[in-house]
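# Observations on chain architecture
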Amino acid sequence: MAAEVLEALREIPAGWIVDCTLGLGGHSQLLLEAHPAARVLGLDVDAGNIATASARVAGFGERFTAHRTNFSGLETTLAELGIEKVSAILADLGVSSNQIADPTKGLSFDTEGPLDMRLDDRQRTTAADLVNSLSEGELADLLYLQSQERGSRRIAKRICQVRRQFRLNSTVMLARLVAAALGENPDSHRSKIHPATRTFMALRMAVNQETDSLTALLEQAPRCLMPGGRIAIISFHSVEDRLVKESFRSNATAGNYRVLTKKPLTASEEEERSNPRSRSAKMRVAERV
Ligand SMILES: C[S@@+](CC[C@H](N)C(=O)[O-])C[C@H]1O[C@@H](n2cnc3c(N)ncnc32)[C@H](O)[C@@H]1O
């Protein structure tokens, strides 16, 4: 949603723009080009993505700074860097395509890899740890609450049956187990989406504590933005979009924000055709009063 991001952040005061999800640096590069007087601080938990993005925008010199940290600590990070208030906060939640394609991260159900799913490899808990240690009830709740998986109980039951025989530690092994629990053939499943899609999303969100991080970011953002500064959040999931909507609404009631998007912005048809991931993207924007 590059054009939408640029438009949302077109009229911002001079100062620091924080790209909370640097990824491969696409949004940071566009913002550096569009705002010649601005400086961009890029945050990410993934060291590989920080390196790739930093090389991409190296030509902007001191106007770009990267920091390997979780955006849930935004306020502390800004204080450590001596930045008082910022002119914009952008977050493009979730994972980048290269992370999904990297078999060592274990994010893809159709590529063999370890059941890891950590975006930040300094973290200890992996998806295999959750799958092999949570109780049947905890697993079912996790799958249902994080991704509204309707077959959560059947999947949790099957996981617990199988793990009595051996530790579940591979992506393809889990994907096949989930398909079997739902009575689907993983190689020719009925719907267009793979039966393990929601299970993988729920586990990834739990491993990386994605909703907690977003909640923390939304709570700190009004204190970090200067008047006229803007916050834009792109989410790919109804749980996340609801958190953003409710935070913006309560901050508007408290007199902190003016909400600029009554309804969330979505990707253009052209972008949806060229980038299927953008089909579920929703962007909300607010301005600090
Ligand atoms: C969808 S990608 C961002 C793509 C980016 N906008 C671009 O133009 O290349 C999301 C990125 O955010 C990072 N990420 C996810 N959750 C994070 C968090 N809580 N704190 C910091 N980075 C996070 C991921 O590692 C990934 O690199």
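So, here's what we can say about the structure. Model, not experiment: these values are computed from the prediction. (Residues numbered from 1 in each chain as written. Predicted model: local features only at pLDDT ≥ 70, side-chain atom pairs only at ≥ 80, totals over all residues. Heavy atoms only, no water.)

## Some remarks on the nonpolar core
Judged by nonpolar contacts, the single largest core of 34 residues is most densely connected at Met117, Leu142 and Ile159. For this core, the secondary-structure elements that each account for two or more residues are helix H6 (127-133), helix H7 (136-147), helix H8 (152-163), helix H9 (171-181) and helix H10 (197-207). Leaving out residues up to four positions away in the same chain, leucine 142 has contacts with Leu130, Leu134, Ser147, Ala202, Leu203 and Ala206. In this structure, Val18, Leu43, Cys224 and Ile233 belong to the second largest nonpolar core, which totals 25 residues. (Core = buried A, V, L, I, M, F, W, Y, C linked by side-chain atoms within 4.5 Å. Buried < 20%, exposed > 50% of the residue type's maximum accessible area, 1.4 Å probe, protein only. Helix = DSSP H or I, 4+ residues; strand = E, 2+ residues; numbered from the N terminus. Contact = heavy atoms within 4.5 Å.)

## A word on the side chain of serine 28
Secondary-structure assignment places serine 28 in helix H2 (residues 26-34). For serine 28, a relative accessible area of 0% corresponds to the buried category. Not counting the four nearest positions on each side in its chain, serine 28 is found in contact with Asp19, Leu22, Val40 and Phe64.

## Let's talk about the site of the ligand
Around the ligand, a shell composed of 24 residues is seen, among which His27, Asp44, Asn49, Asp92 and Gln99 lie nearest. Between the ligand and the protein, one listed contact pairs an oxygen atom with a backbone N or O atom of glycine 26 at 3.1 Å. Within the backbone of valine 45, one N or O atom sits 3.4 Å away from a nitrogen atom of the ligand. The fraction of the free accessible surface of the ligand (600 Å²) that becomes covered by protein chains is 92%. (Near = heavy atom within 4 Å. Polar contact = N/O pair within 3.5 Å; in protein donor to acceptor, adjacent residues only side chain to side chain. Areas by Shrake-Rupley, 256 points an atom, 1.4 Å probe, with all protein chains shown as cover.)

## Here's the deal with the side chain of serine 108
By the secondary structure assignment, serine 108 is in the loop between helix H5 (97-101) and H6. By relative accessible area, which is 10% here, serine 108 ends up buried. In this structure the side chain of serine 108 is engaged in a polar contact, spanning 2.9 Å, whose partner is the side chain of aspartate 110. If we skip the residues at most four places from it in the chain, serine 108 touches Ile100, Thr171 and Phe200.

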